[in-house]
Amino acid sequence: MTDSPRVGAVGDITELASFYADPPDGVRANMIFSADGAAAFGGRAGPLSCPTDQHLLRILRGFADVVLVGAGTARAENYGPVRLTDAQRENRHAEGRPAPPPIAVVSRSGELPARLFSDPDQPPILVTCARSPARHAVGDGARPPAMVAGDDSVDVSRAVELLREHGMRRILCEGGPTLLDELVDADAIAEICVTLAPKLAGGQPVGLRRPAQLSVPAAMRLEHALAYDDYLFLKYRR
Ligand SMILES: NC(=O)c1ccc[n+]([C@@H]2O[C@H](COP(=O)([O-])OP(=O)(O)OC[C@H]3O[C@@H](n4cnc5c(N)ncnc54)[C@H](OP(=O)(O)O)[C@@H]3O)[C@@H](O)[C@H]2O)c1
């Protein structure tokens, strides 16, 4: 028998955060969608979000060994190194994981935003493929360390395997939709945290999304549905 999902309202972000302190051993995806299913508005996720959702995103990072994103998201959202609060650093220290999680960017082109290189103590990880033009620049000191998974494009199953082989077992994937599709296709999603925004966004095309290869949709189990400030925070496990 499985536990019933927690369904209700929460009073504040601290209460909300307590429902996310058990990341799976594998990929936890975190995404926000408008009530009509858009993943962005005008090319950014920000217009769909709210301070509580932003706060939750930072909290989830504190529970992760690595933050995995597609390069489209890293560029659109101008990603930089993860910054943790003092409390997050203390918790991680107590668990023997003192360093903040690195950002691992899936990319064939190797075009990463400059801000990701702003802290030499926290270089990004480039997750690329053998035929990437960026691969040959790797290791010259100015480029991030790279993981090579796949030939023409990144094999996301292999990428997850490589991260895990390097001790990064709690993988927080922050999107975008293209990378999420590929992880779903590879049956690599252990958990998905979805924020449903009280907004309608209309058609908002993102990325170069291909039809899924799945024969049936992958079934998930609801762990919680928590309302705060008209937003709905959902967590599903595989
Ligand atoms: N709603 C949300 O929660 C959420 C979350 C994240 C992002 N977003 C939004 O989504 C939009 C970006 O979407 P997107 O689908 O373009 O983003 P994405 O999945 O982050 O990035 C796509 C890019 O990632 C690289 N990539 C992905 N799979 C690859 C593979 N198998 N092999 C090699 N490279 C691979 C490629 O980079 P290269 O071009 O460098 O080769 C590709 O162009 C933005 O508007 C962002 O604001 C929304």
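Keep in mind that what you see is a predicted model, and the values were worked out from it rather than measured.

**Some thoughts on the overall build of the protein**
When helices and strands are tallied, the protein shows six helices and ten strands. With respect to the three principal axes, the spread of C-alpha positions in the protein is 50 × 45 × 40 Å. Residue burial in the protein is summarised as follows: out of 238 residues, 44% are buried. Put simply, 68% of the contacts in the protein that link residues at least 6 apart link residues at least 24 apart. Carbon and sulfur atoms make up 53% of the accessible area of the protein, which amounts to about 12,000 Å² in all. For the protein, the distance from the average position of its 26 positive side-chain charges to the average position of its 30 negative side-chain charges is 3 Å.

**A few points about the site of the ligand**
Taken together, 29 residues lie around the ligand, and Ile32, Glu77, Ser109, Thr178 and Glu182 are the ones closest in. Interatomic distance of 2.8 Å between a side-chain N/O atom of Arg75 and an oxygen atom of the ligand. Take Ser107: an N or O atom from its side chain is 2.6 Å from an oxygen atom of the ligand. Here the ligand loses 87% of its free accessible area of 920 Å² to cover by the protein chains. Of all the secondary structure elements, the ones that give two or more residues to the shell around the ligand are strand E2 (26–34), helix H3 (71–76) and helix H6 (177–185). Take the shell around the ligand: its biggest share by element is five residues, from H3. By residue class, the composition of the shell around the ligand is twelve nonpolar, eleven polar and six charged.

**A few points about the state of the cysteines**
The full count for this structure, using the stated rule, is zero disulfides. As a non-bridged cysteine, Cys129 has Cys173 as the owner of its nearest cysteine sulfur, 17 Å distant.

**A few points about the pattern of salt bridges**
Going through the model one piece at a time under the given rule, you end up with 23 salt bridges. Here Arg83 ties to Asp119 by a salt bridge, and the two come within 3.5 Å at their closest N and O atoms. Of this pair, Arg83 sits in the loop between H3 and helix H4 (86–94) while Asp119 sits in the loop between strand E4 (103–106) and strand E5 (125–128), and the two are 36 residues apart along the sequence. Under the relative-accessibility criterion, Asp119 is labelled buried at 16%. Arg170 is the partner of Glu95 in a salt bridge, and the nearest nitrogen-oxygen pair spans 3.9 Å.

**Re the sheet that holds strand E1 (residues 6–9)**
Sheets are built from strands that pair by backbone hydrogen bonding, the pairs being arranged parallel or antiparallel. If you walk across this open sheet you meet the ten strands as E1-E9-E10-E8-E2-E7-E3-E4-E5-E6, and the pairing is mixed. The open sheet has two edge strands, E1 and strand E6 (146–148), and neither has a second partner. Neighbouring strand axes in the sheet, compared pairwise and without regard to direction, differ in orientation by 20° on average. As paired strands, E2 and strand E8 (residues 189–197) are joined by eight bridges and run parallel to one another. Paired with Asn30 across the bridge in E8 is Cys193.

**Notes on H6**
Along H6, the residues classified as buried are Pro177, Leu179, Leu180 and Leu183. An end-on view of H6 places all buried positions within 160° of arc, on one side of the element. Looking at the buried side of H6, the elements it contacts are E2, strand E3 (66–70), E4, helix H5 (156–165), strand E7 (170–173) and E8. Where H6 ends, the next residue or the one after it, Asp187, has phi of about 55°, a positive value.

Reading the values: the criteria
Residues numbered from 1 in each chain as written. Predicted model: local features only at pLDDT ≥ 70, side-chain atom pairs only at ≥ 80, totals over all residues. Heavy atoms only, no water. Helix = DSSP H or I, 4+ residues; strand = E, 2+ residues; numbered from the N terminus. Buried < 20%, exposed > 50% of the residue type's maximum accessible area, 1.4 Å probe, protein only. Contact = heavy atoms within 4.5 Å. Areas by Shrake-Rupley, 256 points an atom, 1.4 Å probe, with all protein chains shown as cover. Lys, Arg positive; Asp, Glu negative; His and termini not counted. Charge placed at Lys NZ, Arg CZ, Asp CG, Glu CD. Near = heavy atom within 4 Å. Polar contact = N/O pair within 3.5 Å; in protein donor to acceptor, adjacent residues only side chain to side chain. Nonpolar A, V, L, I, M, F, W, Y, C, P; charged D, E, K, R; others polar. Disulfide = S-S within 2.5 Å. Salt bridge = Lys/Arg side-chain N within 4 Å of Asp/Glu carboxyl O. Pairing = 2+ DSSP bridges. Axes fitted to C-alpha atoms, helices over the stretch in contact; angles between N-to-C directions. Arc of directions from axis to C-beta.

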